[in-house]
Amino acid sequence: MPPHPIDRRALVTRHDVELTEIDPRSPLGVGTGSLAITVDATGLQTFPEAYPVSPREDDRPDGTLLGTLSTWGWHSHPEAAHHDWRDALVEYDSPRGPVPYVDMSENAPAGAAGSASEGAGAERDRVLRGNPHRLDLGRIGLQREGRWVPAAEVRPVSQRLSLWEGVIRSDCEIDGRAVRTWTVADPERDVLAFRVRSAALVEGLTIALAFPYGGADWHSAQDWDSPERHRTRCTAQGEDRWRIDRVLDATRYTVLLATAGEVTVTGDHEIRVAARGEELDLVVEFLPGAPEDRAERPVALPSVEEVLARSAAHWQELWETGAALDLSAADDPRAAELERRVVLSQFLTAIHCVGDMPPQETGLVCPSWRGKAHLEMHWWHAAHFPLWGRPGLLRRSLDWYRSILPNAREMAARQGFAGARWPKQVGPEGEESPSPIATFLIWQQPHLIHLAELLRRAEGEAVMPELDDLVTETAEFMASFALPTERGAELGPPLIPAQESYGALRREVWNPTFELVQWHWALAIACAWKERQGAEVPAHWAQVRDALRAPLPREGVYPAIAVAPYTIREDHPSMLGALGVLPSTDRIDPAVMRATLEDVLADWDWDSTWGWDYPMMAMTAARLGEADLAVDLLLTPEGKNEVLPSGHTRQTGSLPVYLPGNGGLLAAVALMAGGWDDAAEGPCPGLPAAWRARAEGFVRSP
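Residues numbered from 1 in each chain as written. Predicted model: local features only at pLDDT ≥ 70, side-chain atom pairs only at ≥ 80, totals over all residues. Heavy atoms only, no water.

**Focus: the overall build of the protein chain**
Part 1: Counting its regular elements, the protein chain contains 16 helices and 33 strands.
Part 2: Seen through its C-alpha atoms, the protein chain measures out along the principal axes to roughly 80 × 70 × 50 Å.
Part 3: Put simply, 71% of the contacts in the protein chain that link residues at least 6 apart link residues at least 24 apart.
Part 4: Summed over all atoms, the accessible surface of the protein chain reaches about 25200 Å², with 48% contributed by carbon and sulfur.
Part 5: With 67 positive and 103 negative side-chain charges, the protein chain shows a spacing of 2 Å between the two charge centroids. (Helix = DSSP H or I, 4+ residues; strand = E, 2+ residues; numbered from the N terminus. Contact = heavy atoms within 4.5 Å. Areas by Shrake-Rupley, 256 points an atom, 1.4 Å probe, with all protein chains shown as cover. Lys, Arg positive; Asp, Glu negative; His and termini not counted. Charge placed at Lys NZ, Arg CZ, Asp CG, Glu CD.)

**Remarks on the sheet that holds strand β11 (residues 139-144)**
Part 1: In spatial order, the strands read β12-β11-β17-β24-β23; together these five strands make up an open sheet with antiparallel pairing. Each edge of the sheet is formed by a strand with only one pairing partner; in this case those strands are β12 (147-148) and β23 (262-267).
Part 2: Sheet analysis places β11 next to strand β17 (residues 205-210), joined by six bridges and oriented antiparallel. Across the sheet, residue R139 finds its bridge partner in β17, namely A210. (Pairing = 2+ DSSP bridges.)

**Some words on helix α14 (residues 613-623)**
Part 1: With 11 of 11 residues buried, α14 lies mostly within the body of the structure.
Part 2: If you check which residues of α14 are buried, you get D613, Y614, P615, M616, M617, A618, M619, T620, A621, A622 and R623.
Part 3: Residues of α14 that are buried make contact with α5 (378-382), α13 (590-603), α15 (627-634) and α16 (659-674).
Part 4: Where α14 terminates, the next one or two residues include G625, which has phi positive at roughly 85°. (Buried < 20%, exposed > 50% of the residue type's maximum accessible area, 1.4 Å probe, protein only.)

**Describing the packing of helix α9 (residues 447-459) against helix α10 (residues 464-481)**
Part 1: Look at α9 against α10: their axes get within 9 Å of each other, and the N-to-C directions meet at 155°. Regarding the angle of α9 to α10, the classification is roughly antiparallel. Crossing geometry of α9 relative to α10 is assigned as left-handed. Mapping the contact onto sequence places L448, I449, A452, L455 and R456 in α9 and M464, L467, L470, V471, T474, A475 and M478 in α10.
Part 2: Of the residues contributing to the contact of α9 with α10, the split by class is 10 nonpolar, one polar and one charged. (Axes fitted to C-alpha atoms, helices over the stretch in contact; angles between N-to-C directions. Parallel < 35°, antiparallel > 145°, perpendicular 65-115°, else oblique. Left-handed = near helix turned anticlockwise from the far one by under 90°. Nonpolar A, V, L, I, M, F, W, Y, C, P; charged D, E, K, R; others polar.)

**Here we look at the sheet that holds strand β13 (residues 154-162)**
Part 1: Spatial ordering of the open sheet is given by β1-β13-β14-β15-β16-β25-β22-β21-β20, a layout of nine strands whose pairing is antiparallel. Strands with a single pairing partner mark the edges of an open sheet, and in this sheet they are β1 (17-19) and β20 (231-236). In this sheet, adjacent strand axes meet at a mean angle of 15° when their direction is disregarded.
Part 2: Pairing of β1 with β13, which is carried by three bridges, proceeds in the antiparallel orientation.

So this is what it looks like as structure tokens:
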């Protein structure tokens, strides 16, 4: 008799988020997949200063967690038009001869390509790193008599995120008056809907919208000090309908409002919506471009009731399809906490990691690295989607690689390689940013092949022709990048491995353990794709695959790199990913990897680790048959593995949320619950047998 299906509603709703105080580290949010809003205890963005994001630069003000960000909202300062990434190329010696990299001007020898006067070079780097930057589309919060209500005047509070419906319900008191707010996002359009009920609405409480200029700080998308540099125009569009046109240099976007309230322009970039009674509904749609840029007129805005209904239907469908993991039968308290993290991570990644380009590490909550995506993190954000039976959520971002293919081919050709070299730190245009680290990383290159293989497993071989061009371009670069030597094919300098501690040694690094195995496995998959399609396998792919050196143990463990200092005991213990993130291959001895894991756990610097390191280590433990250890690693109370009430993974004050930690957790749990190709038979092979875990719908990992 088949097992009784998991009660998915019970599974999800037992992890609804409830807050009973203002938690400055853990605000809640809702989103459409391409737009999200993060709100404070009022269900709006009433006091963003109470949710600070620390700057990395001492002279910069705090940012805020309360963003309204989108995948499409980007802005560049006018000076960006005067600079080009090609001007930041710096030549490095390599075993092949000089190779140009987009680097910081401080690393360019005087008179060489990429060099500039000290001031001019620093300015060029600042502009190229800061543009384009993600744009905060606006603040929506409560005002009273023309001033924003401060956090000190909002008590008590009670807030609930209903995961099954995708709605935030917020209760508080302002001046002794009860205020109840509903906050919800439309899954079909970039529409946010708000309902406020309070007697205070007839006593001067209003909703206000305010719009900043684009900020290029590392951590903040808002510049409130440059009102003269942008334009906001609000015009009536008929009964209860308004249009706001926003112009920021070359960036334009439109905000549509639907409300029965009274709309008043109260400043150059501020609009107030006043109720006509004790209830105020407001629906807001954000659209890229100006109205004349759109071929069709926008469809009428839905009501708040319609958005609530569509959100509930969308989230119910998401929770009822794909995979599920029920750990409620376990007596182990670790099980309940792991289940909480799993459920909340599904919600968060479905909001922040499913846009039409790879996400930034802080999703659509707040900027990090000025909002730019880090492509080496794309696997960590999104590999879990096909493994959890939701491949469509990954597919949305893969076409973007095709849009930047000309840039990737140009970079590869400039460096003397074939195929496409995918960048690391980019905006939507796919242009590399100057960095002493980013452009020397290589581990993002095989990700596309890995992600394509996961989609093939989830959707079948019909997906292969669709993605074959991306797999081919990636494999062409990888085969040409591997250096033929008398010892075999090798990965040589300049490069920086996934463990970025070797940045200063980029001219000397050879054969990082993880990347060697990654290169071998991805090229093997690329060859298999050609065979499955009945196409000829490129001979040079197979030759490099077979010639790549296996990592060499040192003192009984795998080092991070093949040359001194071998292993620096901080940052990512990336060598563990060679059997964990990657499946078993003939390049790795499991006994040596077991010793390597034990060696890492003995005395690694945990404060220097990052949120995806713990899922990576858990995958290694699981593949080595250590299920209890794998769970302990996922829940390690060390370093940057803190999971907040909201489900977000906190790293530092300047990186207060970190979606690769959530996505990595889901990838690890998919492996542990759904199994992998050479796992022992039986349910949930990577979870403790005593838990009596129940799993449905997982796709088997490689």
